[in-house]
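# Understanding the architecture of this molecule
Spelled out from the first residue to the last, the chains are:
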Amino acid sequence: MENSIHLHYEVDGDDFTRAGEASSDVKHKLKKLNVPSDAIRRIAIAMYEGEINMVAHADGGVIDVDIYADKLTMVLNDVGPGISDVSLAIQEGYSTASQEVRSLGFGAGMGLPNMKKSSDEMTIETEVGVGTKITMTVNY
């Protein structure tokens, strides 16, 4: 396996004030590594949307990031309710967010669609009542 930089982040559930800290930290590290700005933007969007989903829907989770010379892979793991219908969940505008989450300005149903658009590869492994694992890769 090629050399990589590994980063690990804990995402707290229901803490919208800290949501986005992990993606911001990755963005700053990538700038220092001279990763192309377009790739940094796509990575930051994908990871931020994943963080928000973890806070809004899954009571938090963990994100593991591996930075390689030509790509970045992020794995988001949560122990939330799982996604009952993935094909429906990745449609723009579909949301299961609570009214409380919506009142904070989140839950518009763009999280998974933006994650898919911003990454070169995205897989979703989910089991209702167990949790969800999303793996995304951005090439640069």
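What this report covers is the structure whose coordinates are included nearby. (Residues numbered from 1 in each chain as written. Predicted model: local features only at pLDDT ≥ 70, side-chain atom pairs only at ≥ 80, totals over all residues. Heavy atoms only, no water.)

Moving on: the overall build of the protein. A count of helical and extended segments in the protein gives 5 helices and 5 strands. Each helix and strand of the protein, placed in order from N terminus to C terminus, yields the pattern β-α-α-β-β-α-α-α-β-β. A globule of 140 residues ought to have a C-alpha radius of gyration of about 14 Å, and the protein, at 14 Å, matches this closely. Each of the three principal axes of the protein carries a C-alpha extent, and together these read 40 × 25 × 25 Å. Counting every position in the protein, which comprises 140 residues, the buried fraction comes to 46%. Residue pairs in contact within the protein that sit at least 24 positions apart in sequence constitute 63% of those at least 6 positions apart. Carbon and sulfur atoms provide 49% of the accessible area of the protein, an area that totals close to 7,500 Å². Put simply, the protein has 12 plus and 22 minus side-chain charges, and the middle of one group is 8 Å from the middle of the other. (Helix = DSSP H or I, 4+ residues; strand = E, 2+ residues; numbered from the N terminus. Rg over C-alpha atoms; globule rule 2.2 N^0.38 Å. Buried < 20%, exposed > 50% of the residue type's maximum accessible area, 1.4 Å probe, protein only. Contact = heavy atoms within 4.5 Å. Areas by Shrake-Rupley, 256 points an atom, 1.4 Å probe, with all protein chains shown as cover. Lys, Arg positive; Asp, Glu negative; His and termini not counted. Charge placed at Lys NZ, Arg CZ, Asp CG, Glu CD.)

In terms of strand pairing, strand β4 (residues 121-127) meets strand β5 (residues 131-139) through 7 bridges, oriented antiparallel. Across the sheet, the residue bridging to Glu 125 is Lys 133, located in β5. Between β4 and β5, which pair antiparallel in sequence order, lie 3 residues; one of them, Gly 129, sits at a positive phi of approximately 85 degrees. (Pairing = 2+ DSSP bridges.)

We now examine the environment of Arg 41. Considering the arrangement of structural elements, one finds Arg 41 in helix α2 (residues 37-57). Owing to a relative accessible area of 46%, Arg 41 belongs among the partly exposed residues under this scheme. Arg 41 sits 11 residues away from Leu 30 along the chain, and the two C-alpha atoms are 10 Å apart. Side-chain polar atoms of Arg 41 contact the side chain of Asp 38, separated by 2.8 Å. (Polar contact = N/O pair within 3.5 Å; in protein donor to acceptor, adjacent residues only side chain to side chain.)

The subject of this paragraph is the nonpolar core. Nonpolar side chains tend to gather and get buried jointly when the protein is soluble and globular. In this structure, Val 26, Val 65 and Met 74 are the most contacted members of the largest nonpolar core, which totals 34 residues. For this core, the element with the most residues is α2, which contributes 9 residues. (Core = buried A, V, L, I, M, F, W, Y, C linked by side-chain atoms within 4.5 Å.)

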